[in-house]
Amino acid sequence: MNAIKSVSAFCHSLRKPKSECRFFLWSVMIALSLMFIVTTSCSNAELEEKLEQVTNRLGILEDTQDIRNLHHAYGYYIDKCLYEDVVDLFADDGEVHFAGGIYRGKEEGVRRLYVGGFLQDFTGGKPGPVYGFLLDHLQMQDVIHVAPDRRTAKARFRCFMQAGAHETSPSAKAAREQGQSPMRWWEGGIYENTYVKEDGVWKIQVLNYNPLWYADYETGWGNTRPFFDQTEAPKLYPDNPRGPDAPMDSPPAIWPNTSIVPFHYMNPVTGKPLTMESDWNSESNDE
Amino acid sequence: MNAIKSVSAFCHSLRKPKSECRFFLWSVMIALSLMFIVTTSCSNAELEEKLEQVTNRLGILEDTQDIRNLHHAYGYYIDKCLYEDVVDLFADDGEVHFAGGIYRGKEEGVRRLYVGGFLQDFTGGKPGPVYGFLLDHLQMQDVIHVAPDRRTAKARFRCFMQAGAHETSPSAKAAREQGQSPMRWWEGGIYENTYVKEDGVWKIQVLNYNPLWYADYETGWGNTRPFFDQTEAPKLYPDNPRGPDAPMDSPPAIWPNTSIVPFHYMNPVTGKPLTMESDWNSESNDE
Amino acid sequence: MNAIKSVSAFCHSLRKPKSECRFFLWSVMIALSLMFIVTTSCSNAELEEKLEQVTNRLGILEDTQDIRNLHHAYGYYIDKCLYEDVVDLFADDGEVHFAGGIYRGKEEGVRRLYVGGFLQDFTGGKPGPVYGFLLDHLQMQDVIHVAPDRRTAKARFRCFMQAGAHETSPSAKAAREQGQSPMRWWEGGIYENTYVKEDGVWKIQVLNYNPLWYADYETGWGNTRPFFDQTEAPKLYPDNPRGPDAPMDSPPAIWPNTSIVPFHYMNPVTGKPLTMESDWNSESNDE
């Protein structure tokens, strides 16, 4: 009971009645405790806010990783003519921009392109790889940016492709019988895609794939004949049953013409657009 | 001392003795303080739990990054015939699944394959690159998934390889003297690996590499002769001193046959397996 | 007021005067409360520290992602001869180590190499791609390590390049008129870069690019003639108006010689350097 004695002594020195003095001391102690509690509690609010920020930054990295996985999964599906599985990667209102045309709607344009078009052309309608048809569709060099609200994202990827028929494949034999070369090529291209998160799942909003060069199999890109001109307006659906719903506004030119697929991001150091301010889409330089 | 006066006045209005009244007021104040403290403390428990969750999610991203680095490091070692360093990347009970065979145990099967096999074949037993032998083993297109308990992980990667002898290399000269072409090829393949974390370090548990096509150097994948059939049961160790310990259950077929290396993950959007439900491993379509 | 009665009864059982007893009980309650508060507050300090650590680990992953984006952006700029934009990615005291030479200072050596050299050679001084000149500069296989203080970082990448003139390009025509082959090649190389964070922005400190093989376009790496020897001391600036400021100490040998570009990291499993302890830079094995 030393504390009680000390209090008595202290109160005595103040020349106050004990009970009033004690009351004063208790008040001080309680006040200090409350200040302490309030401080603690404020610090909690700060901690909560910091944790919220950290959680959001973490979420952006997780989103980035999800989008990388999504695109790489897309690449592996394309390799093996798994076009139904490719279509499933799109949002309902998803689009493909490809070869000068825009294909709209997961179950309409997107399915028309992959299942109505490629699946018929490459495997005769049967999902999965077939004998003697190669379609290696290497994906790499991601530059991914998730919007601050984590509901949309943009990403650039690059594709390096080897595709076509083995000499022993039915399609190569058919081609030779008609006096033609089997369909075989190498290809390089750039994706500039957008993504959307729906119910916590990232989906492709716009798959914007821009093949920039094709190489003849026998002689390579150095001697390749002009393959096709995707700046020429494509024949549209439904007149063309496999055609796009609309033409692309400004499709990039194809090798040996050259062009820049516009970047979704600024220069990562300066934060500014390209120093070259001209119209990238007219960068095709016909002689 | 206004507070004391207020209390006295309040007590007077309650018509209670001062001391009892004060006791009541103190009780109320302490009770409120304690409620406040308990609230604060609850919020801390919540914060702690949230932080725990964030830490775990962060850990999964770090693991993902570690596994990417681990596999990419493996690729750089393979480039340069650094097979001792490759073996060191495996868990003690690690395995290699390759070319139809399973090699078991870091110091047994794995070492037998890399140091007993490749190192002898490619450099004559000397670690490190040798004159005129190229082995560029490009790694890309990771799809990595870490288990929720962060003790195991699975990952798909792709390899694009260029390998073989320069015309001026000793092995090319030896081949020509025997009327043969120098050993040179291009190759594409898929990894579906598993990883394990031991004492905080990620190691290769199963390196499952599936070459899917080889290309003759002169004529490419379009005209390549059937290279070898890894679905044929390999000759096992110890009868074959460099052989695997067991055959793979269902090795993928090799180009111009085609096959799908099973995916360790579901469709990232639907969460379902491939729409094509047939047996991937019988997808080789001999004519 | 049951609590008051209980206290009275308790004090009675202690045979103490009520006021002193109450004082004792209050002391106990306040002490417990304070202990509780202090505990809570300690836990907050712990939480803060944990959150600090988590924030730092998160920052390292963000830095890793920033550096991946930075290098991949560099690759996309190089593809399209956007050399001004490439120069902008460097720190003021940045350097390029390339082809046996060191180019020092963003606005001096780095600009001399890219804008004074490549831009003149490849496009005649006009930024952006030109007709019939391909420069696909594929970037992949990152191994990135950020320093614990998050101010510097090191990264290894790999490049696989296809570059040169289409047969219809002006430069190919000019070459043929002089009885020469158009300039066309494939190339494989390794980056071992360092990065620095200035004002929160990651920049290239040292771009150390080591081409390891060049392939003649017509006959490939298997038959390529020795391209050039970057171990030969380069002619320096200003005697050579496009030359480097200094020679590299130990440039890697070029195919069909072979060499290892030193790794900035230890074996990710053992934490040790390569088992092969010899001098990597003398690994060129001339016959």
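Coordinates for the structure precede this section.
For clarity, every value in this text was computed on a predicted model and none was experimentally measured.

## A closer look at the environment of I30 of chain B
Moving on, step 1. Within the secondary structure layout, I30 of chain B lies in helix α2 (residues 18-79).
Moving on, step 2. Taking relative accessible area as the criterion, I30 of chain B reaches 4% and is therefore assigned buried.
Moving on, step 3. Sequence-wise, I30 of chain B and P129 of chain B are 99 residues apart; in three dimensions their C-alpha atoms are separated by 77 Å.
Moving on, step 4. Residues contacting I30 of chain B, with those up to four places away along its chain left out, are I30 of chain A together with W26, M29 and I30 of chain C.

## Comments concerning the interface of chain B and chain A
Moving on, step 1. On the side of chain A, 69 residues touch chain B, which itself brings 63 residues to the contact.
Moving on, step 2. If you sort the residues of chain B by the area they bury against chain A, Q141, W221 and V269 of chain B come out on top, with a joint share of 12%.
Moving on, step 3. In this assembly, chain B and chain A are joined by 3 salt bridges.
Moving on, step 4. Among the ionic pairs, R57 of chain B bridges to E62 of chain A, the shortest N-O distance being 2.7 Å.

## What about the relation of the copies chain C and chain A?
Moving on, step 1. Rotating chain C by 120° and moving it 0.0 Å along the rotation axis overlays it on chain A with an RMSD of 0.2 Å. Put plainly, the chains are arranged around a three-fold axis. Relative to the rotation axis, the closest C-alpha in chain C is found at M140 of chain C, a distance of 3.6 Å.

## Re the packing of aromatic side chains
Residue and element names in this part refer to chain A.
Moving on, step 1. Considering all chains together, one arrives at 54 aromatic pairs over all chains under this definition.
Moving on, step 2. Ring centres of F98 and Y209 lie 6.0 Å apart, and the angle between their planes is 10°; on these two criteria the pair is classed as stacked. In this pair, F98 is assigned in strand β1 (residues 90-98) and Y209 in strand β6 (residues 201-216), connecting sequence segments 111 residues apart. Judged on exposure class, the residue F98 and its partner Y209 are both buried.
Moving on, step 3. Joined through ring pairs, the aromatic side chains of Y74, Y83, F90, F98, Y114, F118, F122, F133, Y191 and Y209 make up one cluster.

Calculation criteria
Every chain's residues receive numbers from 1 upward, in the order its sequence appears when written. All chains are assigned letters beginning at A, and all ligands numbers beginning at 1, according to the order in which they are written. In keeping with the model being predicted, local features are shown solely for residues with a pLDDT of at least 70 and side-chain atom pairs are shown and tallied solely at 80 or more, while totals for entire chains, interfaces and linings include all residues. Side-chain descriptors were evaluated using all non-hydrogen atoms of the structure, hydrogens and water having been removed beforehand. Numbering goes from the N terminus for both helices and strands, where a helix is a DSSP run of H or I of at least four residues and a strand is a run of E of at least two. Buried residues are those whose accessible area, probed at 1.4 Å on protein chains only, stays under 20% of the maximum for their type, while exposed residues exceed 50% and partly exposed ones sit between those limits. Throughout, a residue-residue contact means that at least one pair of heavy atoms, one from each residue, lies within 4.5 Å. Buried area, as used here, totals the accessible surface that two parts lose on assembly, with accessibility defined by a 1.4 Å probe and the loss added over both. Every case where a carboxyl oxygen of Asp or Glu lies within 4 Å of a side-chain nitrogen of Lys or Arg is listed as a salt bridge. The fit set for superposing copies consists of C-alpha atoms from residues with pLDDT of at least 70 in both; the fit itself is least squares. Between the rings of Phe, Tyr and Trp (Trp by its six-membered ring), a pair exists once the centres lie within 6.5 Å; its type follows the angle of the planes, with under 30 degrees stacked, over 60 edge-to-face, and the other angles tilted.

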